[in-house]
Amino acid sequence: MSGYPFYFLVTIGSVIGLAAAALVPFYLLLVAGDFVLNRLGDVDPFSRAAKFVGLMVKNLRRNMLRTSLAYLAIFVLVLVVVGVWSILAFLDLVTAEKSRDLKAIVTERWQIPSQMPYAYAYPLSQGAPEKEGDIVIGPDDSMTWQFYGGYTEREREKQTRDNLVFFFAMEPRKVLTMMDGIEELTPEQLRQLAQAVEIMEKDKTAVVIGADRLATLNKRVGETITVYGLNYRGIDLEMKIIGELPKGRWGQIGIMNRDYLNDAIDAYPARHRGQKHPLADRSLNLVWLRVPDTEAFKKVANQIMSSSAFTNPAVKCETAASGIGSWLDAYRDLIWGMRWLLSPAILVVMSLVVANAIGISVRERRGEMAILKVLGYQPWQIMLLILGEALVIGALSGLLSATLCQVVVNEMIGGVPFGIAFFPSFKIAAAAWWWGLSIGSITALLGSIWPAWTAQRVKVAEVFAKVG
Amino acid sequence: MASEPIVRCIQVSKSFHRGSEEIQVLQSLNLEVPEGQFLALMGPSGSGKTTLLNLIAGLDRPTTGTIQVGPDVVSSMSESELARWRTRHVGFVFQFYHLLSVLTAYENVELPLLLLPLSAARRREQVLTALELVGLTDRMHHRPGQLSGGQQQRVGIARAIVTNPTLIVADEPTGDLDARSAEEILNLLTELQASLNKTIIMVTHDPRAASRAQRILHLEKGQLVEDTGAAMTPGGAAAAS
């Protein structure tokens, strides 16, 4: 079995496995909480509060099957919400305009995908200065991108997604100064990448490929592959895999030396009766520029867009946020659905799950609620008891779900493999732990309001008329 | 010399509504219970004895009439005032014990004390005293499920006396027990009444249980039909069996 059904089953299985494994810390926390609260119950001035909270924890331990099921339901739903919110937060971040140290993208003005002549590369990389006083972009503050994709299998019938690889052809050293996400690498990953860049500058056939893509290709560092051009038909390149990009954001892409691609484009006519490759004059896809502030951006954008050197085709210069936003337009409905349909629906479902579990528990314990009232407990104290039980389960479940999700997805999987535009995967946000804590707590509280209200309205005489 | 009444019911009536039908449970009932008396309320099902017990204990309010326990007019208290009053002044013993299954015997007895401003040490002292009185200190860390019916009822009695209440109300306290356990519970109640001078009002169907009380009151159709004073001598054996 392969393809989507397989991944779907693997994902469902992993989530269930993770949730089941997370039951262990949940049980341990309940037992530890009970123990600590018992001890605090003998220490003034916390003793009475500790005993009361201890009663909440004991009530949760009363029916562990039901508590576990409620916990698992919240766990899985928080997991999904945290994943969705992480994607949305990342997209919000990359499309948020910065005022300092911002990046600009230069692309073809009227066509997507952008395909500009390679002759644009040098002047655009400098910011197209034409007269004295114009801003000149430094060599470390620009980066050109040419896209080269292809299959590792020659025969058409064997070419699938699994043997497809996609490269950013660029100046290797720009990886270290201009690539987004470089700041997320560990010092060791950075050192390895610097080594790989050094080799790529000396050997044009050397490439680095993301760990996830390497695994899909079933290739390892040190192997040589031949890539049969997909967009550059007829340009097949032999490449040495000399490094691995980390999982996650860069996990699915490859990086190659642009000179290797450009040399191959230049050599194409010699092997094709003097005919240039159809993309020979349209091989430059993007130019990235870094400018210090908004003012500088406006000036550089004006330099580029008013230059007569870039009229056929015309180019546009926009901030990275705006450029990415334009690309994300294709996913607008999906993102809207995630933000305004999926997330709220999950939160409502979570509240209903909690309401159901706590509601059943309250109905079963009407006699106990009545006893508490007989002993002198006030209605608000009984309400607090029920809300507290829901809060304990919601907060623990939410916190554990988000924290485990963060550890497993970021550290072990390398991100949520949910490709949108040119982002192949997304890391769980650093703020996820408190998202989980808040989501779990608030939805549990909302879901338990009605059961708690019902519990505090128990009529003692009516309950005992039935039971006694 | 007769003691001052600790419980006074004056012209107490109570009715319930079932749909459009009004059910008169108690009708213009008058009752005085002296301090330190062990009173048994008897009568057929539906005669109003549990209703009367609930009214005296502040679990319900009369439709008309006045109920006074000590200096407090229970019938005119609000819900929250009644709750506070019950904690300090009434101990409850139930037929089915009604212990919280997740708590140990110790924790069940401690439950009403959590509502009072007592230090942890003082609470512990009172709980241990109550458990000692009912003879269950060796079972205090057991949960209700690990105790016999008689032991559970003794925990229930410890919980009822732990706050040193003015009044103990018991609704069929031996109704779910075998004869031997029932005897032990009745012995315990009479000892408490005799040694601590507690006022006890007990609802029962069982004439043998009622015979242990000092006074037996028969209710029928919401009215006091017979008042048998001094069924037994305080702390002694039953006079009528």
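Since we're looking at a predicted model, the values are computed, not measured.

Conventions used here
Residues numbered from 1 in each chain as written. Chains lettered and ligands numbered in written order. Predicted model: local features only at pLDDT ≥ 70, side-chain atom pairs only at ≥ 80, totals over all residues. Heavy atoms only, no water. Helix = DSSP H or I, 4+ residues; strand = E, 2+ residues; numbered from the N terminus. Buried < 20%, exposed > 50% of the residue type's maximum accessible area, 1.4 Å probe, protein only. Contact = heavy atoms within 4.5 Å. Areas by Shrake-Rupley, 256 points an atom, 1.4 Å probe, with all protein chains shown as cover. Lys, Arg positive; Asp, Glu negative; His and termini not counted. Charge placed at Lys NZ, Arg CZ, Asp CG, Glu CD. Rg over C-alpha atoms; globule rule 2.2 N^0.38 Å. Pairing = 2+ DSSP bridges. Axes fitted to C-alpha atoms, helices over the stretch in contact; angles between N-to-C directions. Phe/Tyr/Trp six-rings, centres within 6.5 Å; stacked < 30°, edge-to-face > 60°. pLDDT = per-residue confidence, 0-100. Salt bridge = Lys/Arg side-chain N within 4 Å of Asp/Glu carboxyl O. Buried area = accessible area lost by both parts, 1.4 Å probe. Polar contact = N/O pair within 3.5 Å; in protein donor to acceptor, adjacent residues only side chain to side chain. Nonpolar A, V, L, I, M, F, W, Y, C, P; charged D, E, K, R; others polar. Domains from an automatic or database assignment. Patch = residues over 30% accessible without salt bridge, like charges linked within 9 Å, V, L, I, M, F, W, Y side chains within 5 Å. Expected span 1.5 Å × (residues − 1). Arc of directions from axis to C-beta. Parallel < 35°, antiparallel > 145°, perpendicular 65-115°, else oblique. Left-handed = near helix turned anticlockwise from the far one by under 90°.

(A) Local environment of the overall build of chain A. Along its length, chain A carries 15 helices and nine strands. Dimensions of chain A, computed from the C-alpha atoms along their principal axes, are close to 100 × 50 × 40 Å. A burial count over chain A gives 50% of its 468 residues as buried. Taking as baseline every contact in chain A between residues at least 6 positions apart, the subset at least 24 positions apart corresponds to 77%. For chain A, the computed accessible surface area is about 22,600 Å², with 61% contributed by carbon and sulfur atoms. One finds the centroid of the 47 positive side-chain charges in chain A at a distance of 8 Å from the centroid of its 43 negative side-chain charges.

(B) View of the overall build of chain B. Assigned secondary structure in chain B consists of seven helices and ten strands. Computed over C-alpha atoms, the radius of gyration of chain B comes to 17 Å, within 12% of the 18 Å expected from 2.2 N^0.38 for 241 residues, which places it in the range of a compact globule. Within chain B, the proportion of its 241 residues that are buried is 56%. Within chain B, counting contacts between residues at least 6 apart in sequence, those at least 24 apart form 67% of the total. A total accessible area of about 10,300 Å² is found for chain B, and carbon and sulfur atoms account for 47% of it.

(C) Region of the structure containing the sheet that holds strand S8 (residues 199-203) of chain B. Residues and elements named next belong to chain B. Spatial ordering of the open sheet is given by S6-S7-S8-S3-S9-S10, a layout of six strands whose pairing is mixed. Strand pairing shows two members of the sheet lacking a second neighbour, strand S6 (90-93) and strand S10 (223-228), which therefore form its edges. Strand-to-strand twist across the sheet, computed as the mean angle between neighbouring axes with direction ignored, equals 20 degrees. Where strand S3 (residues 38-42) meets S8, four bridges bridge the pair, whose relative direction is parallel. Bridge pairing in S8 links Ala-40 to Met-202. On the sheet, helix H5 (residues 149-161) packs against S6 and strand S7 (167-171) and is oriented at approximately 170 degrees with respect to S6.

(D) Summary view of the sheet that holds strand S2 (residues 21-34) of chain B. On the basis of which strands lie adjacent, the open sheet formed by four strands has the order S2-S1-S4-S5 (chain B) and antiparallel pairing. Edge positions in the open sheet fall to S2 and strand S5 (72-73) of chain B, since each of these has one partner strand only.

(E) Quick peek at the environment of Leu-31 of chain B. Mapped onto the fold, Leu-31 of chain B is located in strand S2. Sequence separation between Leu-31 of chain B and Ile-10 of chain B is 21 residues; the distance between their C-alpha atoms is 6.8 Å.

(F) The arrangement of the packing of aromatic side chains in detail. Counted by the stated rule, this structure contains 14 aromatic pairs over all chains. In this structure an aromatic cluster arises from ring pairing among Trp-145, Phe-147, Phe-166, Phe-168 and Trp-288 of chain A.

(G) Broad picture of the confidence of the model for chain B. Residues and elements named next belong to chain B. For chain B, the average pLDDT comes to 89, and 93% of its residues sit at 70 or higher. When mean pLDDT is taken per element in chain B, helix H3 (residues 105-110) scores highest with 96 and S10 scores lowest with 77. Scored below 50 in pLDDT, residues 231-241 shows 22 contacts in the model against residues more than four places distant or in partner chains. For this predicted complex, the interface confidence comes out at an ipTM of 0.89, alongside a pTM of 0.75.

(H) Spotlight on the pattern of salt bridges. Residue and element names in this part refer to chain B. As enumerated under the stated definition, the model contains 31 salt bridges over all chains in all. The residue Asp-60 makes a salt bridge to Lys-14 at a minimum N-O spacing of 3.4 Å. Of this pair, Asp-60 sits in the loop between helix H1 (49-56) and strand S4 (64-69) while Lys-14 sits in strand S1 (residues 5-18), and the two are 46 residues apart along the sequence. When its relative accessible area of 18% is taken as the criterion, Asp-60 is described as buried. By relative accessible area, Lys-14 is classed as buried at 9%. Between Glu-79 and Arg-61 there is a salt bridge; the shortest N-O distance is 3.3 Å. Of the two residues, Glu-79 is situated in helix H2 (residues 79-89) and Arg-61 in the loop between H1 and S4; the sequence distance between them amounts to 18 residues. Classification of Glu-79 as partly exposed rests on a relative accessible area of 47%.

(I) Molecular detail of the interface of chain A and chain B. With 26 residues of chain A at the interface, the matching set in chain B holds 29 residues. In this assembly, chain A packs against chain B so that about 2,500 Å² is buried in total across both faces, 61% of it on carbon and sulfur atoms. The largest share of the area that chain A buries against chain B comes from Arg-48, Val-374 and Leu-375 of chain A, three residues that together contribute 25% of it. There are two salt bridges connecting chain A and chain B. Between Lys-58 of chain A and Glu-107 of chain B there is a salt bridge whose closest N-O contact spans 3.5 Å. Linking chain A with chain B are twelve residue pairs in polar contact (both at pLDDT 80 or more), by the criterion used here. Every element with two or more residues in the side of chain A that touches chain B is listed here: helix H2 (47-62), helix H12 (366-375) and helix H15 (460-467) of chain A. It is H2 of chain A that contributes the most residues to the side of chain A that touches chain B, seven residues altogether. Taken together, the residues that form the side of chain A that touches chain B break down as ten nonpolar, eight polar and eight charged.

(J) Here's a closer look at the domain arrangement of chain A. All names here are of chain A. For chain A, the domain assignment lists domain 1 (1-65), domain 2 (86-97 + 331-382 + 407-468) and domain 3 (111-313). Centre-to-centre, using C-alpha coordinates, domain 1 lies 15 Å away from domain 2. Buried surface at the junction of domain 1 and domain 2, summed over both partners, amounts to about 460 Å²; 58% is from carbon and sulfur atoms. Summed over the shared surface of domain 1 and domain 2, the number is one salt bridge. Residues Arg-62 and Glu-368 are paired through a salt bridge, measuring 2.8 Å at the closest nitrogen-oxygen approach. Counting across the domain 1 and domain 2 interface gives one residue pair in polar contact (both at pLDDT 80 or more). Per element, the largest residue contribution to the side of domain 1 that touches domain 2 is three residues, and it comes from H2.

(K) Quick peek at a nonpolar patch on the surface. Where nonpolar side chains cluster on the molecular surface, the patch consists of Phe-35, Val-36, Leu-40, Val-43 and Phe-46 of chain A and spans about 430 Å² of accessible area. Mapping Val-43 of chain A onto the fold places it in the loop between helix H1 (4-40) and H2.

(L) Examining the environment of Gly-398 of chain A more closely. Residue and element names in this part refer to chain A. With respect to the element layout, Gly-398 can be found in helix H13 (residues 379-413). It is 6.5 Å that separates the C-alpha atoms of Gly-398 and Ile-439, two residues lying 41 residues apart in sequence. Excluding residues that lie within four positions of it along the chain, Gly-398 makes contacts with Ile-74, Val-78, Gly-436, Leu-437 and Gly-440.

(M) The arrangement of helix H6 (residues 187-202) of chain A in detail. Residue and element names in this part refer to chain A. End to end, H6 covers 23 Å across 16 residues, agreeing with the expected 22 Å (1.5 Å per residue, within 8%). Inspection of H6 places Leu-193, Ala-196, Val-197 and Met-200 among the buried residues, and these make up the whole buried set. Projected down its long axis, H6 shows its buried positions confined to an angular sector of 105 degrees, all on one face. Opposite the buried face of H6, by more than 90 degrees, sit the exposed residues Pro-187 and Lys-202.

(N) Looking closely at the packing of H12 of chain A against H13 of chain A. Residues and elements named next belong to chain A. Taken N-terminus to C-terminus, the directions of H12 and H13 make an angle of 140 degrees; their axes are 10 Å apart at the nearest point. With respect to each other, H12 and H13 are oriented oblique. Between H12 and H13 lies a crossing whose hand is right-handed. On H13, the residues that touch Met-369, Leu-372 and Lys-373 of H12 are Pro-379, Ile-382, Leu-385 and Ile-386. Of the residues contributing to the contact of H12 with H13, the split by class is six nonpolar, no polar and one charged.

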